[in-house]
Amino acid sequence: PHGPAGATVFTPGRIDSIPGHDVDEVDPTGAGDTFAGAFLTHFAQNEDPFAAARFGCRVAAIEVSHAGPLSAALLEGYGYAAWDDPSGTQEGHRR
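For clarity, every value in this text was computed on a predicted model and none was experimentally measured.

Enquirer: I keep staring at the overall build of the protein and nothing clicks. Help me out?
Expert: When its secondary structure is counted, the protein shows 3 helices and 2 strands. Shown N-terminal to C-terminal, the secondary structure of the protein runs as helices and strands in the order β-β-α-α-α. A burial count over the protein gives 39% of its 95 residues as buried. Sequence-distant contacts, at least 24 apart, represent 56% of the contacts inside the protein between residues at least 6 apart. Carbon and sulfur atoms make up 57% of the accessible area of the protein, which totals about 5500 Å².

Enquirer: Looking at this model, I keep getting lost on the packing of aromatic side chains. Mind explaining?
Expert: Two numbers describe a pair of aromatic rings. These are the distance of the centres and the angle of the planes. Throughout the structure, instances matching the rule amount to 2 aromatic pairs. Here the aromatic rings of phenylalanine 35 and phenylalanine 39 are separated by 6.0 Å at their centres, their planes lie at 25°, and the arrangement is stacked. Of the two residues, phenylalanine 35 and phenylalanine 39 are both situated in helix H1 (residues 31–46); the distance of 4 residues between them amounts to about one turn of the helix. The interplanar angle of 5° and the centroid separation of 6.0 Å between the aromatic rings of phenylalanine 39 and phenylalanine 43 together place this pair among those described as stacked. With phenylalanine 39 and phenylalanine 43 both in helix H1, this residue pair falls 4 residues apart, about one helical turn. Members of the aromatic cluster, joined through ring pairs, are Phe35, Phe39 and Phe43.

Enquirer: Please explain the pairing of strand S2 (residues 14–18) as it appears in this structure.
Expert: If a strand is regular, its side chains alternate between the two faces of the sheet. Sheet analysis places strand S1 (residues 7–11) next to S2, joined by 5 bridges and oriented antiparallel. In the strand pairing of S2, threonine 8 is matched with serine 17. Counting the residues between successive antiparallel strands, the hairpin from S1 to S2 contains 2 residues, one of them, glycine 13, with a positive phi of roughly 90°.

Enquirer: Looking at this structure, how should I read the pattern of salt bridges?
Expert: A side chain of one charge can pair with a side chain of the opposite charge when the charged atoms of the two come close. Applying the stated criterion to the full structure yields 1 salt bridge. Across the salt bridge formed by aspartate 16 and arginine 14, the nearest N and O atoms sit 2.9 Å from each other. For arginine 14, a relative accessible area of 41% puts it in the partly exposed group.

Enquirer: What exactly am I supposed to notice about the nonpolar core here?
Expert: Core analysis: the largest hydrophobic core is formed by 10 residues, namely Ala7, Val9, Ile18, Phe35, Phe39, Phe50, Ala52, Ala53, Cys57 and Ala60. Within the residue set of this core, elements represented by two or more residues are S1, H1 and helix H2 (49–64). Broken down by element, this core gets its largest block of residues, 5 residues, from H2.

Calculation criteria
- Residues numbered from 1 in each chain as written.
- Predicted model: local features only at pLDDT ≥ 70, side-chain atom pairs only at ≥ 80, totals over all residues.
- Heavy atoms only, no water.
- Helix = DSSP H or I, 4+ residues; strand = E, 2+ residues; numbered from the N terminus.
- Buried < 20%, exposed > 50% of the residue type's maximum accessible area, 1.4 Å probe, protein only.
- Contact = heavy atoms within 4.5 Å.
- Areas by Shrake-Rupley, 256 points an atom, 1.4 Å probe, with all protein chains shown as cover.
- Phe/Tyr/Trp six-rings, centres within 6.5 Å; stacked < 30°, edge-to-face > 60°.
- Pairing = 2+ DSSP bridges.
- Salt bridge = Lys/Arg side-chain N within 4 Å of Asp/Glu carboxyl O.
- Core = buried A, V, L, I, M, F, W, Y, C linked by side-chain atoms within 4.5 Å.

No statement about biological role is implied by the geometric values presented.
This is the structure we're talking about:
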């Protein structure tokens, strides 16, 4: 992960830059761990590293826009339909 700049995914035959999200950073503590956990969870379910990186970037953006640790209750407030937004625009994720 590249912080606010997003992430780069390397696979055999393809390299892709995944953009970050423009959020008001409040507390960046744990952003990398949050990205890693979200990436691995999504990848384990879908086996698509590019979609997993988009998901990781979205969840990390939510994490840094709030003080303290990320909670399930906080994530539920963003609605699950937006998690798989293939455009990566994070529509509706900003409070």
